[in-house]
Every structure is written in C-alpha cells, then in structure tokens.
Amino acid sequence: MSDSRVLVIDLDTQRAESLRAILEFIEHRAVLVEDAAQLSLEGQRPQDFLAVIIGKTEGDSIMRFVDWLKRDRLHPPLLVLQPYHALAMERFGLDESACLTLETPVRYAALSELLKRASLLREMAHTPRAAAQGPTGNSSAVRRVRALIEQVAGFDTTVLITGESGTGKEVVARAIHARSPRRDQPFVAVNCGAIPAELLESELFGHEKGAFTGAITARRGRFELADGGTLFLDEIGDMPLPMQVKILRVLQERSFERVGATRSTQCNVRIVAATHRNLEEAIIKNAFREDLYYRLNVFPIEMPPLRERTEDLPMLIDDLIQMQERHGQRGMRLAPDAVHTLRQYHWPGNVRELANLIERLAVLHPGKLVDAANLPPRYRSGLSESGSAPSVQPVEPLTPPAPRVELNEPLRFASPMLPAQALSELPPEGLSLKDHIEAIELSLIRQALQQAGGVVAHAAKLLNTRRTTLVEKLRKYGLTREAGGLELEPTTF
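Source: prediction; values computed, not measured.

Asker: Before we move on, can you summarise the nonpolar core with the specific residues and values?
Answerer: One finds Leu-204, Phe-223, Leu-233 and Ile-247 to be the most contacted residues of the largest nonpolar core, which totals 32 residues. Broken down by secondary-structure element, the contributors of at least two residues to this core are strand S7 (187-191), helix H8 (197-205), helix H9 (222-225), strand S10 (230-234), helix H10 (241-253), strand S13 (270-275), helix H11 (279-284) and helix H12 (290-296). Counting residues per element, this core draws most heavily on H10, at 5 residues. When residues no more than four places from it in sequence are discounted, the contact partners of Ile-247 are Leu-204, Phe-205, Phe-223, Leu-233, Met-239 and Leu-292. Counting residues in each nonpolar core, the second largest holds 22 residues, with Ile-317, Leu-357, Ala-362 and Val-370 among its members.

Structure below.
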C-alpha cells in the first residue's frame with residue numbers, strides 16, 4: 001500500500017482536492033489532512049507513505065508534523081510546494097536530499113515525474129545497511145567478490161558484473177555504490193531487457209516536449225536522474241545494437257541528447273553494468289559491439305552461481321527469513337535435515353529461487369519448523385523412501401594415477417595432418433613449428449568446446465585459461481558454434 005499512498009498536508013482545501021484528483025489520475029491514492037495531529041490519532045506512520053506533499057500549514061501544525069516525521073529515521077521524500085520550500089528547509093532542518101520542490105500551479109506531468117524520483121529516493125533510503133557489505137556468505141567465492149568490491153568502490157571505474165540470473169548482481173552494484181564517494185547521491189537502476197526497444201532511448205536519455213506522439217511535456221531520463229551518482233544498467237546484454245552505439249558515445253564523451261533535443265547535456269554518472277549473457281559469445285555472433293564490451297569491461301566481477309557456494313545456504317536462509325519478519329510476515333525455521341537436502345539441489349534459479357522458496361514455506365508453515373519431508377517435491381530428490389535425508393559417507397576420491405614419464409623417452413606430438421597419430425621423430429623434410437603448435441592448440445580447443453557443448457566459459461575452464469583468452473583464439477582460428485557441431489569458417493568482427 002505504501003507504494004501508492006501519498007500524504008497531502010495543506011490548509012488550502014481547494015488545492016488539496018485538486019492534488020487528490022491529479023494523484024488519482026496518475027494512479028496514486030491521496031490521504032488529505034490539515035494537521036499532523038490527525039496522523040498520530042489515526043496511528044499512521046511515516047513509512048506508510050510513498051511521499052508527502054506539503055502546502056500551507058500553521059506554525060504549530062508544521063512542528064507537530066516534523067515531530068511525527070522524525071519517528072522514522074528514513075522519512076519518506078517530501079514534495080514541498082514552491083512558496084513554502086524555504087520554510088521547510090531553513091526553520092525545521094529537514095533533510096535537503098529528500099526535499100523536492102513542487103512548482104505551482106501543480107501539473108500532473110511534473111507531479112508524476114517527482115513521484116518517480118521520490119520512489120527512487122525511497123528505494124535508496126530503505127536499502128539495508130548490510131547491502132554495503134555485498135553478497136551474503138562466507139565462502140571463498142563470496143569473499144573474493146567482496147574483496148573486488150572493496151578494491152573498486154573508491155574509484156569511478158566502470159564495472160561489468162557477470163553471472164547467471166538470480167545470483168545477486170544488483171546486490172554487488174548497490175554495494176559498490178554504498179561504499180563509494182557517491183554514496184549520498186542517487187543510485188538509479190534500469191533493466192535494459194525489460195523496456196521495449198522503441199522506448200529505451202527515451203527512458204535512458206529523456207525527451208523534449210513534442211519529440212513524439214504523446215510527449216506532451218519534457219521528461220528527464222535515467223542518466224539525468226542519476227547525475228552525481230551511479231547508473232546501474234542491468235541486463236545490458238539484451239540492449240539493441242542501435243542503443244549500444246549511443247551508450248558507447250555517452251561513455252566516451254560523458255554527454256547525451258534527449259530525444260528531440262538539439263543540444264547535448266553533460267552527465268556525471270558512474271556506470272555499473274550487469275548481464276547474465278556471455279558477451280564474448282555475443283560478440284562472435286555480432287549481437288554485441290566489441291568496442292562497447294571493452295568500455296564496460298574495465299573492472300569485471302563475476303558472481304558465482306549458488307550451486308558453487310552451497311556452504312553459504314544457512315546464512316542466506318537466515319537473511320531471507322529475517323527480511324520477511326521485517327516485512328511483518330511470521331517467520332519459520334528450517335530443520336538441519338532440510339538445509340542438508342537443499343544443499344544437494346542444483347539451484348538453476350540461484351538466490352532468487354531460494355528467496356521464492358523461503359517465501360513459499362513461510363506462507364505454508366508460518367511460525368513452524370520445516371523439515372526435509374515438508375519441502376516441495378523438486379527439492380526432495382535426494383531423500384530416501386522413508387522421507388529422511390540419506391547420511392553422507394566420506395568417499396575415497398577415484399583419481400587415476402598420473403602417467404609415468406621416462407626421461408629418456410622421446411617427446412611425442414600430435415600430427416596436424418593425423419591428430420590421432422604421434423610423431424616419434426622429426427620428419428626428414430622438417431616441419432613448421434608454428435603451424436604444428438597451432439594445429440595442436442586448435443585440436444585441443446575443438447575437443448574442449450565439444451565436451452563443453454559449445455559453451456566458451458566451460459571450455460576455458462577445461463583448458464585452464466581465461467574466457468577472454470579463449471575468445472581471442474576463437475577469433476584467430478575463425479571457429480564458430482553451429483547447430484550440428486563445431487566447424488571452421490571465416491568470422492567477421
């Protein structure tokens with residue numbers, strides 16, 4: 001309910017009713033009062049409202065309002081009507097960053113724009129302090145991510161966060177912002193894959209009045225809203241190619257044009273981007289610009305999937321349960337056998353899937369202890385027929401012995417013409433060492449890609465090399481992945 005309720009405090013009843021009509025037109029619910037004392041009597045709390053619009057008030061009334069407002073350390077953003085803004089700022093010491101001026105007479109487009117900004121301010125203010133620490137967990141992978149956050153946060157360096165969907169890439173982006181010198185400025189997030197291509201430019205850069213049908217007033221974009229702070233471009237791998245060109249220009253020149261504008265606007269924002277896609281593969285397929293990739297990938301951070309850090313499950317579960325309790329839901333607890341069973345699950349949806357599971361269990365078993373037998377069927381695949389988790393016995397690793405190499409045995413190489421055969425000695429006519437080594441390298445790359453199903457990241461792990469290094473070699477050999485397997489063909493970049 002607090003996502004749509006707006007409190008209006010104004011002694012001018014006619015103007016208050018006009019504000020109510022405008023708010024209802026833009027799908028918000030108005031709560032009109034003349035005196036803040038009414039709020040206390042009705043049991044209303046500051047956090048129950050998206051924003052507060054302040055108009056004409058009496059001295060005693062505004063003092064009671066300030067007392068009521070300070071009950072919540074993170075009060076909702078204030079939209080102060082222009083004639084009364086100085087009074088609110090100077091006499092009562094309200095937070096300047098959360099006091100926005102609302103020009104009179106009030107127009108619905110301007111009010112709608114301010115409410116969007118208020119929503120962003122509220123989101124930033126209510127971000128838990130723990131978010132500054134980064135992802136939850138104590139595994140080596142999470143500790144490595146937190147170390148990278150600490151290392152880059154103090155700079156304005158562009159960061160690219162990669163990882164599967166649901167791994168918590170936005171948590172990393174917010175932690176970088178919260179630990180940066182821009183922490184007191186806006187953090188604005190935009191999902192590039194959720195906005196239609198024809199609307200994305202206006203959403204990012206804004207538009208001028210009359211720029212297109214329906215543009216009845218000028219509108220600021222996300223770059224302007226994030227001025228001085230951090231702009232988080234989520235799922236940038238889904239951004240259309242024409243928009244990639246414009247984003248590249250902004251990164252290079254730190255300026256942009258609103259849709260329909262004839263002049264450039266300077267912007268001072270830090271860019272943090274994220275994607276679940278493999279951008280190196282997208283470059284090979286001409287679905288992502290290589291120059292933009294290098295502009296974004298200045299400081300890469302890769303979020304590990306949950307299946308690779310299941311030792312963090314207990315901490316994640318506790319955090320998610322506490323979050324639900326803070327939102328007024330009755331908490332539940334997971335029995336040790338349930339946690340053990342969840343550790344055997346492969347978690348394709350990562351932390352987001354875990355959050356959905358915890359919420360579901362809280363609804364089904366409020367205030368109870370949930371054991372493994374009460375987990376949904378898909379999470380109980382490791383249970384025995386009796387319904388209990390099987391005991392885990394230590395297993396001796398089945399590692400084959402390393403092959404023994406005699407020092408006096410001649411070195412053997414795979415032939416570029418006949419890979420299955422080995423060269424026992426150098427041919428009398430000699431050979432090209434460079435071509436021979438490249439043939440061996442190409443053969444191993446092809447085998448790794450076959451084993452990895454064409455996934456470059458997995459193939460790189462098999463070859464114990466970096467993804468970027470393997471991508472460069474794929475470009476060098478013109479190797480692409482086709483539906484029927486792997487084959488060599490010229491590749492254009």
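Asker: Go over the sheet that holds S13 with me, naming the residues and quoting the values.
Answerer: Strand order across the open sheet formed by 5 strands is S7-S10-S13-S6-S14, with parallel pairing between neighbours. Edge strands, defined here as strands with exactly one partner in the open sheet, are S7 and strand S14 (299-302). Sheet twist, expressed as the average angle between the axes of neighbouring strands with direction ignored, equals 20 degrees. Here strand S6 (residues 159-162) pairs with S14 via 4 bridges, running parallel. In the sheet register, Leu-160 faces S14, and the bridge partner there is Pro-300.

Asker: Give me H10: which residues, what numbers.
Answerer: Its 13 residues give H10 an end-to-end C-alpha distance of 19 Å, which sits within 8% of 18 Å, the value for a rise of 1.5 Å per residue. Of the residues making up H10, those classed as buried are Met-243, Gln-244, Ile-247, Leu-248, Val-250 and Leu-251. Projected down its long axis, H10 carries its buried residues within an arc of 160 degrees, all on one side. On its buried face, H10 is in contact with H8, H9, S10, strand S11 (255-256), S13 and H12. Among the residues trailing H10, Arg-254 stands out with phi positive, at a value near 55 degrees.

Asker: With reference to specific residues and values, describe a nonpolar patch on the surface.
Answerer: Together, Leu-426, Leu-431, Leu-433 and Ile-437 give the surface a local cluster of nonpolar side chains, amounting to about 410 Å² of exposed area. Looking at the secondary structure, you find Leu-431 in the loop between strand S18 (422-423) and helix H16 (433-451).

Asker: So what about the side chain of Asp-10? Which residues, and what values?
Answerer: For Asp-10, the position within the fold is in the loop between strand S1 (5-9) and helix H1 (13-25). Separated by 2.7 Å, the side chains of Asp-10 and Arg-15 make a polar contact. Leave out the neighbours within four places in its chain, and Asp-10 touches Arg-15, Ala-16, Val-33, Glu-34, Gly-55, Lys-56 and Leu-81.

Asker: Residue-level account of the pattern of salt bridges, with values.
Answerer: Summed over the entire model, instances satisfying the criterion amount to 19 salt bridges. A salt bridge links Glu-224 to Arg-258, with the nearest nitrogen and oxygen atoms 2.8 Å apart. Taken together, the residues Glu-224 in helix H9 and Arg-258 in the loop between S11 and strand S12 (265-266) connect sequence positions 34 residues apart. Judged by its relative accessible area of 15%, Arg-258 falls in the buried class.

Definitions and limits used
- Residues numbered from 1 in each chain as written.
- Predicted model: local features only at pLDDT ≥ 70, side-chain atom pairs only at ≥ 80, totals over all residues.
- Heavy atoms only, no water.
- Core = buried A, V, L, I, M, F, W, Y, C linked by side-chain atoms within 4.5 Å.
- Buried < 20%, exposed > 50% of the residue type's maximum accessible area, 1.4 Å probe, protein only.
- Helix = DSSP H or I, 4+ residues; strand = E, 2+ residues; numbered from the N terminus.
- Contact = heavy atoms within 4.5 Å.
- Pairing = 2+ DSSP bridges.
- Axes fitted to C-alpha atoms, helices over the stretch in contact; angles between N-to-C directions.
- Expected span 1.5 Å × (residues − 1).
- Arc of directions from axis to C-beta.
- Patch = residues over 30% accessible without salt bridge, like charges linked within 9 Å, V, L, I, M, F, W, Y side chains within 5 Å.
- Areas by Shrake-Rupley, 256 points an atom, 1.4 Å probe, with all protein chains shown as cover.
- Salt bridge = Lys/Arg side-chain N within 4 Å of Asp/Glu carboxyl O.
- Polar contact = N/O pair within 3.5 Å; in protein donor to acceptor, adjacent residues only side chain to side chain.

Fair warning: the whole summary comes from geometry, so function is off the table for now.
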